[in-house]
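Examination of the molecular architecture
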Amino acid sequence: MTGTMEQEGKRSRSGFGRWIRSRQGQQLLIIVAFMIIPLTLLIVFTYFPFGEMVKFSFYKMKYATPIDKRKFVGWQNYIDVFRRDDCFGALKLSLYYMVGALIQLVLALYMATILSFKVKGGNFFKGLMFFPFLINGIAIGFIFKFFYTRGFVFDTILAWCGFNPENLPYWLKDQAVNNWSLVATSVWRYFGQNMVLFIGAIMSVDAELYEAAELDGANKWQIFKAIILPSIKTIVTLNIILSITGSLSAFEQPYVITNGANGTGTYFVIMNQIAHTSQKVGLACAMAVVLLVIIFACTLLQKLFFKYVFRDAESEDESYKAKKARLKAEKAAAKAQKQKGVQA
Amino acid sequence: MGESKTLNTNQAGKLSNKKVNEKIGSGVATAVLAITAVLVLLPLYWIFRSSLMSNGTLYAYPPSILPKEWLWGNYATTLETFDYWLYFKNTFTLIVPCVTAGTITAIFCGYAFARLRFRGKKIIFTLCVGTILLPGMVTLIPLYLFWTRICHLGGTYWPLILPYFTGGGFFNIYLVRQFITTIPKELDEAAEIDGASRMRTLWTIIVPAIRPAITVVILMLFIQLWNDLLQQLIYINDMTKTTFAIGLTNFTGSFGTKWNYAMAATCMTIAPGLVIYIIGQKSFVEGIVLTGMKN
């Protein structure tokens with residue numbers, strides 16, 4: 001950049017003042033042209049509604065209430081969020097989804113590792129496992145309502161496996177299992193997406209490293225631990241953070257499959273009901289604000305946690321680089337030895 | 001080979017032991033892959049199978065894996081009430097402008113964040129990153145009021161389309177930005193010395209170079225819209241503007257007891273996604289690999 005300016009400056013030293021003015025003018029124009037639409041809309045669609053929402057959370061209002069008839073109630077909505085059992089209690093359900101997210105990430109990571117080595121039909125498997133992510137929510141809801149219905153698909157499979165169909169629970173009604181049923185659907189739907197992201201990251205790791213490590217006698221698990229995992233830790237961390245946020249804001253599976261019946265109403269499902277069915281807009285806004293605070297707190301905690309975990313990352317990286325160098329040297333030595341062997 | 005000659009017996013023993021372990025490992029891996037594949041496929045296969053059966057045989061116990069008769073006529077019967085082509089047209093009237101607008105603005109913004117230098121860039125960037133953490137559900141209520149009470153646009157596609165002019169979410173802008181930063185700066189500097197304007201540099205140098213990232217952005221946007229359900233349910237209440245998501249909700253609502261027709265409708269709504277995915281899958285996975293999201 002500066003190099004360009006110097007060169008051009010030398011070319012036309014006489015009109016330098018005018019040039020820089022027009023150049024800067026052009027620069028400003030470009031910045032405005034490139035950023036103005038997205039930025040305006042970002043403010044209009046994110047920060048403005050966010051501010052409005054915080055304001056609404058202090059009022060008792062319905063959607064149809066005119067602005068001057070809204071009643072200011074102070075902190076009452078926030079007190080209600082914590083007092084009503086259906087609001088804050090719904091956050092407990094997030095724990096189910098967090099366990100699900102953990103299983104999902106481990107499964108995705110395992111699959112991604114298998115599939116990034118050469119496997120027969122690898123592309124077919126990748127495509128297949130990503131596919132559920134492409135089915136729209138309503139169809140998912142319908143598929144799984146059918147899947148879990150008494151005496152239908154899931155019961156049949158279990159009957160083939162030797163379970164007595166009489167003893168099986170109602171998968172979507174029995175409160176002991178219905179949340180797990182929904183979490184399983186969530187894993188089914190999203191693990192392929194995580195897997196493809198992980199494959200992308202793993203494929204960009206230098207393949208020579210694996211070969212070198214294998215020559216060195218490392219097994220697959222050691223390769224995974226020493227080479228793959230450190231190389232993709234950024235995307236793994238990002239996925240963990242996003243999955244915690246996702247668990248706190250779980251919505252679609254319970255909404256489309258059970259509509260929150262029988263104790264499957266997650267925080268957002270309840271919030272949606274409060275806002276649209278009972279028209280308590282102020283209370284729903286307060287719920288949204290509370291959740292947002294929780295999400296920010298969680299993210300902050302996780303960031304600190306990962307900073308703590310990876311605080312040695314720099315030195316680890318160095319040893320990783322050292323290891324890379326060592327592996328290369330050893331590979332070269334092995335090659336030389338091999339050649340010697342051939343010659344002998 | 002020459003290699004094995006140089007190994008002593010001890011090492012050879014170790015090697016074969018390792019080979020056995022590896023064989024077991026790859027056997028387990030194949031088994032896990034196969035089981036997962038079956039689990040993924042099963043619910044999908046089952047609705048397809050059921051869509052070809054008569055409603056009576058659906059309830060038969062024990063159920064058969066293949067339908068006894070293949071009743072393709074179910075699809076014709078479903079189409080009598082399920083207005084597939086209208087939903088198809090409406091869904092794509094909604095998706096095409098969103099994807100186009102989202103992709104173009106993502107390119108502009110990503111370029112600006114990657115290459116332009118201006119005051120306040122860091123602050124703006126941080127503000128944008130913050131939006132990733134904000135679940136869409138959170139701003140739903142004020143936005144609904146904004147669109148219906150202030151703009152009077154309830155019942156149109158505008159509340160669904162306009163937000164996509166922001167690059168369709170910051171994730172896409174970030175993706176483009178990351179990819180542009182991997183392109184050597186000398187490339188566009190050379191073009192500028194040759195007298196190309198910023199716009200020209202962007203379209204002739206940057207855009208061809210970031211094609212994999214653009215493919216990923218397009219597919220991500222498509223999936224995001226394809227899966228978006230709640231917003232469509234909230235804003236669209238006009239029968240002539242019904243999309244797949246709403247059409248299927250209404251259909252399964254009114255035909256809830258006739259599972260086979262509902263299944264046929266479900267299968268038909270899955271089909272366009274499947275086709276687009278088969279077309280785009282290779283470049284999608286490649287794109288993600290090339291965007292190198294490792295660090």
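Keep in mind the model is a prediction, meaning the values are calculated, not measured. (Residues numbered from 1 in each chain as written. Chains lettered and ligands numbered in written order. Predicted model: local features only at pLDDT ≥ 70, side-chain atom pairs only at ≥ 80, totals over all residues. Heavy atoms only, no water.)

**So, the overall build of chain A**
Helices and strands together make up the secondary structure of chain A, namely 16 helices and two strands. For chain A, the residues scored as buried account for 47% of the 344 residues in total. Summarising the internal contacts of chain A: among those between residues at least 6 apart in sequence, 68% fall at separations of at least 24. Of the roughly 17,900 Å² of accessible surface on chain A, a fraction of 63% belongs to carbon and sulfur atoms. (Helix = DSSP H or I, 4+ residues; strand = E, 2+ residues; numbered from the N terminus. Buried < 20%, exposed > 50% of the residue type's maximum accessible area, 1.4 Å probe, protein only. Contact = heavy atoms within 4.5 Å. Areas by Shrake-Rupley, 256 points an atom, 1.4 Å probe, with all protein chains shown as cover.)

**Looking at the interface of chain B and chain A**
If you look at the interface, chain B gives 92 residues, while chain A gives 102 residues. Of the roughly 8,900 Å² buried where chain B meets chain A, counting both sides, 79% is carbon and sulfur surface. Between chain B and chain A we count zero salt bridges in total. Applying the counting criterion to the chain B and chain A interface returns four residue pairs in polar contact (both at pLDDT 80 or more). When residues in the side of chain B that touches chain A are grouped by element, the largest group, 17 residues, is from helix 2 (residues 9-51) of chain B. Class assignment for the residues of the side of chain B that touches chain A results in 68 nonpolar, 16 polar and eight charged. (Buried area = accessible area lost by both parts, 1.4 Å probe. Salt bridge = Lys/Arg side-chain N within 4 Å of Asp/Glu carboxyl O. Polar contact = N/O pair within 3.5 Å; in protein donor to acceptor, adjacent residues only side chain to side chain. Nonpolar A, V, L, I, M, F, W, Y, C, P; charged D, E, K, R; others polar.)

**Structural notes on the nonpolar core**
Of all hydrophobic cores here, the largest spans 188 residues; its most connected members are Phe34(A), Met35(A), Met129(A), Ile135(A), Met195(A), Ile232(A) and Ile210(B). Sort the elements by how many residues they give to this core and helix 5 (residues 84-115) of chain B lands first, with 15 residues. Of the domains in this structure, domain 1 (15-73) and domain 2 (81-290) of chain B are the two that each give at least three residues to this core. (Core = buried A, V, L, I, M, F, W, Y, C linked by side-chain atoms within 4.5 Å. Domains from an automatic or database assignment.)

**Some remarks on the environment of Phe82(A)**
Residues and elements named next belong to chain A. Mapping Phe82 onto the fold places it in helix 3 (residues 76-83). On the basis of relative accessibility, which here comes to 49%, the residue Phe82 falls in the partly exposed class. With 205 residues separating them along the chain, Phe82 and Met287 place their C-alpha atoms 9.2 Å apart. Contacts of Phe82, omitting those with residues within four sequence positions, involve Phe88 and Val290.

**Considering the side chain of Asn194(A)**
Among the structural elements, Asn194(A) can be located in helix 9 (residues 178-203). Using a relative accessible area of 6% as the deciding quantity, one classes Asn194(A) as buried.

**Here's the deal with the environment of Phe251(A)**
Looking at the element boundaries, Phe251(A) is found in the loop between helix 12 (233-248) and helix 13 (252-257). Residue Phe251(A) is classed as buried on the basis of its relative accessible area of 8%. Considering only alpha carbons, one finds Phe251(A) and Met271(A), 20 residues apart in sequence, at a separation of 10.0 Å. Excluding residues within four positions of it along the chain, Phe251(A) makes contact with Thr266(A), Phe268(A), Val269(A), Asn272(A), Met137(B) and Leu230(B).

**Description of the confidence of the model for chain A**
Residues and elements named next belong to chain A. Confidence along chain A averages 78 in pLDDT terms, with 82% of residues attaining 70 or more. Across chain A, the element-wise mean pLDDT spans from 46 in helix 1 (residues 2-11) up to 89 in helix 5 (residues 93-116). Low pLDDT, under 50, characterises residues 1-13; the stretch is placed with 13 contacts to residues that sit more than four places away or in other chains. (pLDDT = per-residue confidence, 0-100.)

**Looking at the packing of helix 11 (residues 198-209) of chain B against helix 12 (residues 211-227) of chain B**
Residues and elements named next belong to chain B. Interhelical geometry of helix 11 versus helix 12 gives an angle of 70° and a closest axis separation of 5 Å. One finds that helix 11 runs roughly perpendicular with respect to helix 12. Taken together, the residues of helix 12 that come into contact with helix 11 (itself represented by Val207, Pro208 and Ala209) are Arg211, Pro212 and Ile214. Classifying every residue of the contact of helix 11 with helix 12 by side-chain character gives five nonpolar, no polar and one charged. (Axes fitted to C-alpha atoms, helices over the stretch in contact; angles between N-to-C directions. Parallel < 35°, antiparallel > 145°, perpendicular 65-115°, else oblique.)

**Some thoughts on a positive patch on the surface**
A cluster of like positive charges, contributed by Lys60(A), Lys62(A), Lys71(A) and Lys280(A), occupies part of the molecular surface. When its relative accessible area of 40% is taken as the criterion, Lys280(A) is described as partly exposed. (Patch = residues over 30% accessible without salt bridge, like charges linked within 9 Å, V, L, I, M, F, W, Y side chains within 5 Å. Lys, Arg positive; Asp, Glu negative; His and termini not counted. Charge placed at Lys NZ, Arg CZ, Asp CG, Glu CD.)

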